[in-house]
Amino acid sequence: MSVKIRYLLLGLATLTWSHYQGSEFVAAADSTLPSSYAVQGAFPTSLYSHYYNNPTATSAQPQPVISDPVTHEIFPFSLTDANNIPQYDTVDPPNPLPPKASSQKLLQQAVAQIKSITANPMFSTCAQCQASLEVAKFLALAAPEQGSNLALTLCEYFNYSSSCEESYGPLVMGPILTQVVSFADVGGYDGQSICSSQFLELCPAPVTTTLNLTGWFAKPKPDPLPPPKQPSGQLLKVLHLSDLHIDPRYANGAEANCTGDNLCCRENAYNSLSPQTPLVPAPRYGSFSCDSPYSLLTSVLEAIPPLTGTESTGFNFTMFTGDLLAHDPDNQQSRALNEYAEVVLYDLFKRMLGPGPVYATLGNHGTCLPDQASPLSLGGALGQQFNWLYDHITALWEQEGWLPEASVEFSRAHYAAYMVKRADGLRVISLDTNLWITENYFNYINSSEPDVSGILRFLTDELQDAEDAGDRVWIIGHVVSGWDGTYSLPNPTNLFYQIVDRFSPHVIANIFWGHTHEDQLSIFYANNGTNMSVETAQMVSWIGPSVTPLSNLNSGFRVYEVDSATFEVIEAYTWISYVNDYPALDSQTQFGPTFEFEYSTRETYGGNITWGATDPLNATWWHLVTEQMEVDPTLMQAFNLYQGKSSILTTPCTGECINATICYIRSGSASIANQNCVPGYRSVQ
């Protein structure tokens, strides 16, 4: 698309958008609000008082001197030195190991596991996998210090990875794997889950466990439901940011189109066709195969207020649905780098987005090592091995003034999860969804149980309290509960689906996720989705677009207009920045990235739907949208385009992909997606 045509379309879209009658922050065509905003090319040096390098140089990313307000220590330059990246975190101790078992314990486990293996109907590669896990289990119990050595030996023998030491050694994932096999029922459901996971793919996936909800809910769902709250007509402005993935080790000019599995735009990145000379030098504002450099993050945060009309007021509140850190390999992760990202990003939110609170949630790239979270039920030091994370991040949230004292105490002790009751009556519940992500090895301990961590017990109790008080609730988390079913485990998300059914639509008003980096959503239906129709659609979960371009995406963010009484979303607007334009910005400092209005949700998808101008964009509306998608291919084409944030690299969705995507939209849990949907079309990347 030519630049002239794109700006013409942008002007038409902006004019149409400006006449939407329900909008408070978009005026008529003569509004003083800009349709786009180009930030200054030079880095805003006033953000920080001291720098390790010259922040005005374009040859490298700025390296501000950052002080941790919790520990009162200054993060050293060596932590983010792009030219000398630390290879292992030798400052902090490695993950703890499980206790050594007595001979009697070994015997009991041997008997129990052999019984499980012989009762399991699976054979061939699946049986081999589970039997091997049995051997690993006994070694982990008898000699846990050898667990990492076993993992390394097997990795090398089976040629599982080209970087076994970096991934499975004693300073990275080795101790965690040792813990998991020592606690898991590897001869039964846990073993089948591990062997069927994306790590191994040697067994069929086990069936979703039948839920026993007897006693789970304190009260039955009201029948009839209480009368719905009446709209106030007053609109709140809420910002949704997700998946920032700051990369303070980003190297300007390094290979941006690299070969292999490691992150591009790093000094060690290369393309096998030209190992010594980058074929695609990394632009200083980011690239499609790289995470977010400092310059991109400060640019998007600078652009948001003028584009959304919040320069003087700020937002009523902001949601950040997780993922702080870049996609570093495990051996380049550390607690210090984790805490550095927390300090930098939450401080920038506070200073650049205005006075409204930020309600944040943990992402799988917000912990060290990535994806991992151990359940408290492991007990002792093993159950609390990630408390350093929960303590630090909660302290930052408290210091920024975003959490009250009661929420702080619970968050510290329970996976950084919390509930906040706002002065306007809305309750915000934040969940640590690392406790259901497929990549968390700890989730394969007692995996037949839907709530090993207790996080869904917490959610249910908070929703019951809200129902008793007549309050509305927003749920925020990082990892989606459904979509195509590959991101999360079926048993916990199955229970989550039943909880949503019990408390919708009268208590839960909306659900918000991130993680996929794409613009998506899921609909929840009554009776576990056995009948998906306008009458049974109950709740919608919004999946927010990412700021990071990784992979093959533009950078984006979203703003919701929300009724102040019902807390229903009345309109949603999305802005993007074209990453393919970034290389042209390197030769000058007058201009930085341009962020542009991408689309209005109501206008894009609601043209053929009979719906009131101020009626909410709820589950009923979204189900009607999916019905239109079934008969109007152009609507699916629009959804597919915006799913990738209008990236020039977005792949088209035709044929089988259309029905698969509609199925994903109608799947609020992994178990429903796995049961109903054709796999293989989850992403446009």
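Procedures and definitions
- Residues numbered from 1 in each chain as written.
- Predicted model: local features only at pLDDT ≥ 70, side-chain atom pairs only at ≥ 80, totals over all residues.
- Heavy atoms only, no water.
- Patch = residues over 30% accessible without salt bridge, like charges linked within 9 Å, V, L, I, M, F, W, Y side chains within 5 Å.
- Areas by Shrake-Rupley, 256 points an atom, 1.4 Å probe, with all protein chains shown as cover.
- Salt bridge = Lys/Arg side-chain N within 4 Å of Asp/Glu carboxyl O.
- Buried < 20%, exposed > 50% of the residue type's maximum accessible area, 1.4 Å probe, protein only.
- Helix = DSSP H or I, 4+ residues; strand = E, 2+ residues; numbered from the N terminus.
- Contact = heavy atoms within 4.5 Å.
- Pairing = 2+ DSSP bridges.
- Right-handed = clockwise from strand over helix to strand, strands pointing away.
- Core = buried A, V, L, I, M, F, W, Y, C linked by side-chain atoms within 4.5 Å.
- 1 Å grid on protein atoms, 1.4 Å probe; cavity = no way out; pocket = protein on both sides within 12 Å on 5 of 7 lines; lining within 4 Å.
- Points joined across faces, edges and corners; volume = space filled by probe spheres on them.
- Nonpolar A, V, L, I, M, F, W, Y, C, P; charged D, E, K, R; others polar.
- Phe/Tyr/Trp six-rings, centres within 6.5 Å; stacked < 30°, edge-to-face > 60°.

Caption draft 1: Molecular detail of a nonpolar patch on the surface. Together, Leu154, Tyr157, Phe158, Tyr160, Leu200 and Leu202 make up an exposed nonpolar region whose accessible area comes to about 640 Å². Leu154 sits in the partly exposed class, given a relative accessible area of 38%.

Caption draft 2: The arrangement of the environment of Cys663 in detail. With respect to the secondary-structure elements, Cys663 resides in helix H18 (residues 656-665). The exposure class of Cys663 is buried, given its relative accessible area of 17%. Once the C-alpha coordinates of Cys663 and Ile523 are considered, the two residues, 140 residues apart in sequence, prove to be 9.9 Å apart. Contact partners of Cys663, with chain neighbours within four places excluded, come to Asn676 and Cys677.

Caption draft 3: View of the pairing of strand S8 (residues 508-513). Across the six residues of S8, six count as buried, placing the element largely inside the fold. Sheet analysis places strand S7 (residues 473-476) next to S8, joined by four bridges and oriented parallel. What sits directly across from Ile476, in S8, is Phe512. Between the parallel pair S7 and S8, the chain is carried across by helix H14 (residues 490-502), and the sense of this crossover is right-handed.

Caption draft 4: Expanded view of the nonpolar core. Leu241 and Phe496 are the most contacted members of the largest nonpolar core, which totals 177 residues. Looking at this core element by element, the count peaks at ten residues for helix H9 (residues 335-352). Residues within four places of Phe496 in sequence aside, it is in contact with Leu431, Trp436, Leu456, Leu459, Ile475, Ser481, Ile511, Trp513 and Phe524. Of all hydrophobic cores here, the second largest spans eight residues; its members include Ala256, Cys264, Cys265 and Ala269.

Caption draft 5: Empty space enclosed by the protein, seen in detail. This structure, assessed with the given rule, holds four cavities of 30 Å³ or more. Quantified by volume, the largest cavity comes out at close to 210 Å³. As for the largest cavity, its lining consists of 18 residues, and the residues nearest its centre are Asp89, Pro93, Asn95, Leu171 and Cys368. By residue class, the composition of the lining of the largest cavity is nine nonpolar, five polar and four charged. Estimates place the volume of the second largest cavity at around 160 Å³.

Caption draft 6: Representation of the pairing of strand S11 (residues 555-563). Most of S11 sits out of view: nine of its nine residues are buried. Burial of S11 is two-sided: the residues Ser555, Phe557, Val559, Glu561 and Asp563 facing one way and the residues Gly556, Arg558, Tyr560 and Val562 facing the other way are all buried. Pairing analysis gives six bridges linking strand S2 (residues 235-241) to S11, with the strands arranged antiparallel. Looking at the pairing, Leu235 lines up with Asp563 of S11. Two strands pair when backbone bridges link them, and S11 and strand S12 (residues 569-577) are joined in this way by eight bridges, in the antiparallel orientation. In the strand pairing of S12, Val559 is matched with Tyr573. Two successive antiparallel strands, S11 and S12, enclose a turn made up of five residues, where Phe567 displays a positive phi of approximately 60°.

Caption draft 7: Fine view of the packing of aromatic side chains. A complete count under the given rule lists 41 aromatic pairs for this structure. Both rings, one in Trp397 and one in Tyr418, keep their centres 5.5 Å apart while their planes meet at 70°; by these two values the pair is edge-to-face. With Trp397 in helix H11 (residues 387-399) and Tyr418 in strand S5 (residues 418-421), this pair connects stretches of sequence that are 21 residues apart. By the burial criterion, Trp397 is buried, and Tyr418 matches it. The interplanar angle of 50° and the centroid separation of 4.7 Å between the aromatic rings of Trp474 and Phe512 together place this pair among those described as tilted. With Trp474 in strand S7 and Phe512 in strand S8, the pair connects residues that are 38 residues apart, well separated along the chain. Grouping residues by exposure puts Trp474 and Phe512 together as buried.

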